[in-house]
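Report on the structure
The lines below spell out each chain.
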Amino acid sequence: MTGKTDEMKKVRDEVVNLTTSPLYEYRISNGYHAVLGEGSHDAHFVFIGEAPGKNEAEQGRPFCGAAGKILDEVLQSVGINRADIYITNIVKDRPPQNRDPLPEEIKAYGPFLDRQIDIIQPKVIVTLGRYAMNYIMEKFGLQFEIEPISKAHGKVYTTKTLFGDISIVPMYHPAAAIYTRELKETLKEDFKVLKQLT
Ligand code: URA
């Protein structure tokens, strides 16, 4: 077993046993799973969503429902293989009724996302939706450059980290394309920039 896999397992075990989490009781009482993430621990690209939905919490896998289908299609359109990337969320448990994550939930789970990023040390972080964009831009000192997602989508921001220079690319959340169909084309157009960042 590699060191990275061991570290990831530690993160998973801590989240699974996080009885102090605001979403712990909800997970247990519904028989849901925590959703840690999926993919390569050596990924060049890390994709970060908001929080698991119902399908994800039932299966313990990120982006395996309707939004995941759109994400898969958009990834395929630019030739990125899901097995080569890492996909996770800020919040690791499903919020009731798929509501937006609360600040205390982001505060509870954010440090686990931070550790996952430190373990993988990606070159590119792709944020899906405004919650992930805000969290990651703030975390990497780009808080003064934050714009509404309608302006920021598809732009490439670069910043220095302890593990080297990285690019941050905010994208619309794939779930938005379920309700607004033309957004799928926007996503496909925006994802093309990732090919220049390989
Ligand atoms: N939406 C998200 O933000 N994450 C998932 O894993 C699924 C849907």
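What this report covers is the structure whose coordinates are included nearby.

Here is what the cut-offs are and how they apply
- Residues numbered from 1 in each chain as written.
- Predicted model: local features only at pLDDT ≥ 70, side-chain atom pairs only at ≥ 80, totals over all residues.
- Heavy atoms only, no water.
- Core = buried A, V, L, I, M, F, W, Y, C linked by side-chain atoms within 4.5 Å.
- Buried < 20%, exposed > 50% of the residue type's maximum accessible area, 1.4 Å probe, protein only.
- Helix = DSSP H or I, 4+ residues; strand = E, 2+ residues; numbered from the N terminus.
- Contact = heavy atoms within 4.5 Å.
- Phe/Tyr/Trp six-rings, centres within 6.5 Å; stacked < 30°, edge-to-face > 60°.
- Near = heavy atom within 4 Å.
- Polar contact = N/O pair within 3.5 Å; in protein donor to acceptor, adjacent residues only side chain to side chain.
- Nonpolar A, V, L, I, M, F, W, Y, C, P; charged D, E, K, R; others polar.
- Pairing = 2+ DSSP bridges.
- Expected span 1.5 Å × (residues − 1).
- Bend = angle between axes of the 7 residues up to and from the residue.
- Axes fitted to C-alpha atoms, helices over the stretch in contact; angles between N-to-C directions.
- Parallel < 35°, antiparallel > 145°, perpendicular 65-115°, else oblique.

So, on to the nonpolar core. Grouped together as the largest cluster of nonpolar side chains are 60 residues, with contacts concentrated most on Phe47, Ile48, Ile90, Ile136, Met171, Phe191 and Leu194. Counting residues per element, this core draws most heavily on helix H5 (residues 103–120), at seven residues. The contacts of methionine 171, once residues within four sequence positions are left out, are Val126, Thr127, Leu128, Gly129, Ile149, His153, Gly154, Leu187, Asp190, Phe191, Val193 and Leu194.

Our focus in this paragraph is the packing of aromatic side chains. Scanning the entire structure with this criterion turns up three aromatic pairs. Between phenylalanine 45 and phenylalanine 47, the ring centres sit 6.3 Å apart and the planes meet at 55 degrees, which makes this aromatic pair tilted. Residue phenylalanine 45 is classed as buried on the basis of its relative accessible area of 5%. The interplanar angle of 40 degrees and the centroid separation of 5.9 Å between the aromatic rings of phenylalanine 47 and phenylalanine 191 together place this pair among those described as tilted. Here the residue phenylalanine 47 occupies a position in strand E2 (residues 45–49), and phenylalanine 191 occupies one in helix H9 (residues 182–191), the gap between them amounting to 144 residues. Ring-pair connections join several aromatic residues into one group, and the members of that group are Phe45, Phe47 and Phe191.

Turning our attention to the site of the ligand. Every residue near the ligand is listed here: Gly49, Glu50, Ala51, Glu56, Pro62, Phe63, Asn89 and His173. Note that an oxygen atom of the ligand is positioned 3.0 Å from one of the backbone N or O atoms of phenylalanine 63. In this structure, asparagine 89 approaches the ligand through a side-chain N or O atom, which is 2.7 Å from a nitrogen atom. Of the residues that constitute the shell around the ligand, the class distribution is three nonpolar, three polar and two charged.

Moving residue by residue along a regular strand, the side chains alternate between the two faces of the sheet. Where burial is concerned, most of strand E6 (residues 164–171) is hidden: six out of the eight residues are buried. As judged from the five bridges shared by strand E4 (residues 124–128) and E6, these two strands associate in the parallel manner. By the bridge assignment, leucine 128 is partnered in E6 with methionine 171. Pairing geometry for strand E5 (residues 157–161) and E6, over five bridges, is antiparallel. Bridged to lysine 160 within E6 is aspartate 165. Once E5 ends, the chain turns through two residues before running back antiparallel as E6.

The next point concerns H5. An ideal rise of 1.5 Å per residue puts 26 Å on 18 residues; H5 measures up with 25 Å between its terminal C-alpha atoms. The sharpest bend along H5 reaches about 40 degrees and sits at tyrosine 109, with the proline proline 111 one to four residues further on. Listed as buried for H5 are Glu105, Ile106, Tyr109, Gly110, Phe112, Leu113, Gln116, Ile117, Ile119 and Ile120. Just downstream of H5 lies glutamine 121, where phi reads positive at about 55 degrees.

Glancing now at the packing of helix H1 (residues 3–16) against H5. The contact between H1 and H5 brings their axes to 10 Å, and the two run at 175 degrees. Considering the angle they form, H1 stands roughly antiparallel to H5. Facing Lys4, Glu7, Met8, Lys10, Val11, Glu14 and Val15 of H1, the residues of H5 in contact are Tyr109, Phe112, Arg115, Gln116, Ile119 and Ile120. For the contact of H1 with H5, the per-class residue count stands at seven nonpolar, one polar and five charged.

Everything listed is a geometric property; what it means functionally is a separate question.
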